[in-house]
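Chains, contacts and geometry: an overview
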Amino acid sequence: MATVLPSTQLDFEQVLSALRTQVDDRLSLWLPRCPPQDAIGTAMRDGTLAPGKRIRPLLLLLTLKDLQPERSTGPALDLACAIEIVHAASLFLDDMPCMDNAELRRGQPTIHLRFGEDVAVLGSVALLSHAFSIAASVEGFDHATRNQLVRLLAQSTGAQGLVRGQYHDLREGQRNRPMEAIAHTNRLKTCPLFTAAVEFAALVADASASRTHHLKGFATELGMAFQLLDDLADGLNPQQSGKDAGKDRGKSTVVALLGPEAARKHVEQHLAHAAQHLIEADVGDGHLAQLLGRFRAWPH
Ligand code: GRG
C-alpha cells in the first residue's frame, strides 16, 4: 500500500525531485556525448548518469536554499555537478577487483566489468580532471573564490580525504578493529564530499565562520549516519540496493562489531548531533532539517 505523506513532507519530496532533475539535466550537459566505440567517454557518461541518490549535490543545493532562499541555483548547480562527478570517479575505482571487487553498482554491471579495468581507471581519472575544470571555470565568482573552491575539492579528494579513507578501509577493514578505528575510517572515506558540498554552499553564500563551522559539523554527522545506513543496507537484496548483497561479509564494520540494533542507535545519535549543528547554524527548521527527517525514516 502506498504511504500517505503529510503535506509539508510531500512539498519537500517535490523539492528534492525537482533538484534531482536539475542536477541530472546539468550533468548530462557536462558529460561527453560520444559514439559507443569511445569507451572512455561512454563509461564517464553512463557511470555518472546511472541512477544514484545524488545526495551530495542535493546537500549543496539545500544548504544554499537555507542560507540564501532568494538565490537561484545557477552557478551552484555546476558546483553540485563537480561534486557528483568526483563521487562517480570514486565509485569507478571503489568497485575494481583490487578494491571492493563489486559486480553491480546503481543496478548495472560495474564499469570495469562493462568496459574493462583499463577504462575504469582512465575514466575515473578523466572524470576527476573534468570535475576540477568545472569548479575552476564556474561562472559568477571571482578568481579568489574559484581558487578556494578548487582547493576544497582537492583537499576532500586527495591523500588526506577520500584516498586516505579508502586506503584505511582496504588495509584495516579485514582486521578486527575497535569502534573508534572504524569510525575514523568512515569519517575519512564518506564525510569529505559531504563537508565539501556544504562548504561550497557556505562559500558561495558568504556565510560567517561560525555558521560554516556548524554546517561542516552537520555534514560530518550526516556522513557518519549515511555510512552506517549504507552498512546496514548491505544485507538488502540487489534489486533494492542496486549493489551486490553481502559485500561486507568478513569486514569489520560497526554493524559486524555491535549488531544492527546498536548500529541503528548510533545512526540516531549522529542525526541528533547533526540537528543540533543546524540549530547552531541558525537553520534549525529549513530544508536540511527536513532532509534529516528523511534520514530518520531510511530506507523509506
Ligand atoms: C578517485 C575521488 C577518487 C577517490 C579514490 C576509491 C576511493 C579513493 C574512494 C572511495 C570512497 C568510497 C566509495 C566511500 C564510500 C562512500 C559511499 C557510502 C558510497 C555510496 O554512495 P551513495 O550511496 O551512492 O551516495 P549513489 O549510487 O546513490 O550515488
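Here the structure is shown first, and the text comes after it.
Attention in this report is confined to the structure presented alongside it. (Residues numbered from 1 in each chain as written. Predicted model: local features only at pLDDT ≥ 70, side-chain atom pairs only at ≥ 80, totals over all residues. Heavy atoms only, no water.)

Some words on the state of the cysteines
Using the following cut-off: The term disulfide is used for any two cysteine sulfur atoms that are within 2.5 Å.
A complete count under the given rule lists zero disulfides for this structure. Cys-34 carries a free sulfur, and the closest cysteine sulfur to it, the one in Cys-81, is 17 Å from it.

Here we look at the site of the ligand
We apply this condition: Throughout this document, a residue counts as near a molecule or strand when at least one of its heavy atoms sits within 4 Å of that molecule or strand. For this analysis, a polar contact is any N or O atom pair within 3.5 Å, provided that within protein one partner can donate a hydrogen and the other can accept it, and provided that sequence-adjacent residues contribute only side-chain to side-chain pairs. Surface accessibility follows the Shrake-Rupley procedure with a 1.4 Å probe radius. Residue values consider only the protein chains on display as shielding. The helix count covers DSSP runs of H or I at least four residues long, the strand count covers runs of E at least two residues long, and both are numbered beginning at the N terminus. Polar here means any residue outside two lists: the nonpolar Ala, Val, Leu, Ile, Met, Phe, Trp, Tyr, Cys and Pro, and the charged Asp, Glu, Lys and Arg; Gly therefore counts as polar.
For the ligand, the set of nearby residues contains 20 residues, the closest of which are Lys-53, Arg-56, His-87, Arg-106 and Phe-226. In this structure, an oxygen atom belonging to the ligand sits 2.7 Å away from a side-chain N or O atom of Arg-56. Burial of the ligand by the protein chains amounts to 93% of its free accessible area of 750 Å². Of all the secondary structure elements, the ones that give two or more residues to the shell around the ligand are helix H3 (55-67), helix H4 (74-94), helix H6 (117-137), helix H8 (162-172), helix H9 (179-204) and helix H10 (209-232). Here the shell around the ligand takes five residues from H4, the largest share from any one element. Along the lines of polarity and charge, the residues of the shell around the ligand split into six nonpolar, eight polar and six charged.

A closer look at the nonpolar core
What counts here: Remark: nonpolar core denotes a set of buried residues (Ala, Val, Leu, Ile, Met, Phe, Trp, Tyr, Cys) joined through side-chain atoms within 4.5 Å. The buried label applies to any residue whose accessible area, calculated with a 1.4 Å probe on protein chains only, is under 20% of its type's maximum; exposed applies above 50%, and partly exposed to all values in between. Contacts are assigned to residue pairs with any non-hydrogen atoms lying within 4.5 Å of each other.
Judged by nonpolar contacts, the single largest core of 77 residues is most densely connected at Leu-59, Leu-60, Leu-215, Phe-218, Leu-222, Leu-291 and Phe-295. Ranked by residue count, the leading element in this core is H4, at twelve residues. Discounting chain neighbours no more than four positions away, the residues touching Leu-215 are Thr-63, Leu-67, Val-198, Ala-202, Leu-278, Ala-281, Val-283 and Leu-288.

Focus: the side chain of Thr-253
Looking at where Thr-253 falls in the secondary structure, it is placed in the loop between helix H11 (238-241) and helix H12 (254-258). Not counting residues within four places of it along the chain, the set of residues in contact with Thr-253 comprises Ile-182, Asp-231 and Asp-248.

What about helix H7 (residues 143-157)?
To keep it simple, the criterion reads: The span one expects for a helix is its residue count, reduced by one, times 1.5 Å. The arc refers to the directions leading from the helix axis to the C-beta atoms.
Counted at 1.5 Å a residue, the expected span for H7 with its 15 residues is 21 Å, and the 21 Å between its end C-alpha atoms agrees. Restricting attention to buried positions, one finds in H7 the residues Thr-145, Arg-146, Leu-149, Leu-152, Leu-153, Ser-156 and Thr-157. The arc that holds every buried residue of H7, seen down its axis, measures 125°, which confines them to one face. Turned more than 90 degrees away from the buried face of H7, the exposed residues are His-143 and Asn-147. The secondary structure elements touched by the buried residues of H7 are H4, H6, H8 and H9.

Here we look at the pattern of salt bridges
Rule in force here: Whenever a carboxyl oxygen of Asp or Glu lies within 4 Å of a side-chain nitrogen of Lys or Arg, that contact is scored as a salt bridge.
Inspection of every chain in the model, using the stated rule, returns twelve salt bridges. Residue Arg-106 pairs with Glu-84 through a salt bridge whose shortest N-O separation is 3.0 Å. Placement of the pair is Arg-106 in the loop between strand E1 (104-105) and strand E2 (108-109) and Glu-84 in helix H4, with a sequence separation of 22 residues. With a relative accessible area of 12%, Arg-106 lands in the buried category. One salt bridge connects Arg-105 with Asp-94, and the closest N-O pair in it is separated by 3.2 Å.

So, the packing of H3 against H4
Counted only if it meets this: Under this scheme, a helix contributes an axis fitted over its contacting stretch, all axes are lines through C-alpha atoms, and angles between N-to-C directions fall in the 0 to 180 degree range. Each angle is binned into one of four classes, with values under 35 degrees roughly parallel, values over 145 roughly antiparallel, values of 65 to 115 roughly perpendicular, and all other values oblique. Helix crossings fall into two classes, left-handed where the near helix is turned counterclockwise from the far one by less than a right angle and right-handed where it is turned clockwise.
Where H3 contacts H4, the axes come no closer than 8 Å and their chain directions differ by 155°. On the basis of their axis angle, the class for H3 and H4 is roughly antiparallel. Between H3 and H4 lies a crossing whose hand is right-handed. Along the contact surface, H3 presents Arg-56, Pro-57, Leu-60, Leu-61 and Leu-64, while H4 presents Ala-76, Leu-77, Leu-79, Ala-80, Ile-83, Glu-84 and His-87. Across the contact of H3 with H4, the residue classes break down as nine nonpolar, one polar and two charged.

Focus on the environment of Pro-178
Mapped onto the fold, Pro-178 is located in the loop between H8 and H9. Separated by 76 residues in the primary sequence, Pro-178 and Val-254 have C-alpha atoms spaced 9.0 Å apart.

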